[in-house]
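Residue-level listing of the chains:
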Amino acid sequence: MAAFVSPQSFEAFKQAAGIAGNIFAFGLFVSPIPTFRRIIRNQSTEQFSGIPYVYALLNCLICAWYGCPLISYDHLLVTTVNSVGAVFQLTYIVIYITHADKNKKFKMSGLLLAVFGLFAAIAIGSLLVTDLELRHLIIGFLSCATLISMFASPLSVMNLVIQTRSVEFMPFYLSLSTFLMSTSFLLYGVFNFDPFIYVPNGIGTILGIAQLALYFYYNNQSKQETREPLIESIA
């Protein structure tokens, strides 16, 4: 590809894809806001689980670390998007802990400390590796693994959509944001020749397409069912 495109254009495409990924990721980061407004309004976490936000925080921290100059070259946009994501996830976790009952407070606080402890061990341990290429490979595989598991998490929701034949539990804009963000970073990884970015985001793009296909299929089906008369008229 680089042989047919000037270096300036190639760099412009790469930066555009990265910036687009940052913008679309912001849509994902703000999507839980209605849930936490409800938690604040009701002064209770009800049946909501805080574990996905703890895992998302760990994923953002590891991926942000992978984008740092100490680990990778020219991946600043990976660091920015995941740093912003980490701030959002930490904010959600603090709100959750503040309004949770005693047992949930203890559990979530313990998980939060474990995340920071694990990330500190990963960061410090990677810096002790003097071989820069090996350091890059270690953190790259870790970030790739956490990203793939994050993208795979909606599989249970997709299964629920198929079973219930309803898209109630799979919001359209969340699926669309996931698809657009994954596609943007897929292109960013391709332009950067980095498999640790384009492989997990390629999987995310495929799963995003699958989510959107399910949404349109079952959404259209439910609309058709609502149009059918409840009682057939007999002429």
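Just above sits the structure.
Notes on the structure follow.

Reading the values: the criteria
- Residues numbered from 1 in each chain as written.
- Predicted model: local features only at pLDDT ≥ 70, side-chain atom pairs only at ≥ 80, totals over all residues.
- Heavy atoms only, no water.
- Helix = DSSP H or I, 4+ residues; strand = E, 2+ residues; numbered from the N terminus.
- Buried < 20%, exposed > 50% of the residue type's maximum accessible area, 1.4 Å probe, protein only.
- Patch = residues over 30% accessible without salt bridge, like charges linked within 9 Å, V, L, I, M, F, W, Y side chains within 5 Å.
- Areas by Shrake-Rupley, 256 points an atom, 1.4 Å probe, with all protein chains shown as cover.
- Salt bridge = Lys/Arg side-chain N within 4 Å of Asp/Glu carboxyl O.
- Contact = heavy atoms within 4.5 Å.
- Core = buried A, V, L, I, M, F, W, Y, C linked by side-chain atoms within 4.5 Å.

1. Digging into unusual backbone geometry
Piece 1. Phi at Glu46 is positive, roughly 50°, even though this residue is not glycine.
Piece 2. Relative to the helices and strands, Glu46 is located in the loop between helix 2 (33-42) and helix 3 (51-67).
Piece 3. Residue classification places Glu46 among the partly exposed positions, given a relative accessible area of 26%.
Piece 4. In this model, Phe193 sits at a positive phi of 55°, which is unusual for a non-glycine residue.
Piece 5. Counting through the fold element by element, Phe193 comes out in the loop between helix 8 (172-191) and helix 9 (195-227).

2. Remarks on a nonpolar patch on the surface
Piece 1. On the surface, a cluster of nonpolar side chains totalling about 420 Å² of accessible area is made up of Leu134, Leu137, Ile138, Phe141 and Leu142.
Piece 2. Along the polypeptide, Phe141 turns up in helix 6 (residues 132-152).

3. Some points on the side chain of Asp194
Piece 1. Within the secondary structure layout, Asp194 lies in the loop between helix 8 and helix 9.
Piece 2. For Asp194, the residues in contact, after removing those within four places along its chain, are Tyr66, His75, His136 and Gly189.

4. A closer look at the nonpolar core
Piece 1. The biggest cluster of nonpolar side chains holds 47 residues, and the ones touching the most others in it are Phe36, Leu57, Trp65, Ile93 and Tyr188.
Piece 2. Within the residue set of this core, elements represented by two or more residues are helix 1 (7-30), helix 2, helix 3, helix 4 (76-99), helix 5 (102-127), helix 6, helix 8 and helix 9.
Piece 3. Filtering out sequence-adjacent residues up to four positions away, Ile93 remains in contact with Tyr53, Val54, Leu57, Met108 and Leu112.
Piece 4. By size, the runner-up hydrophobic cluster in this structure holds seven residues, among which are Met158, Met170, Leu214 and Tyr215.

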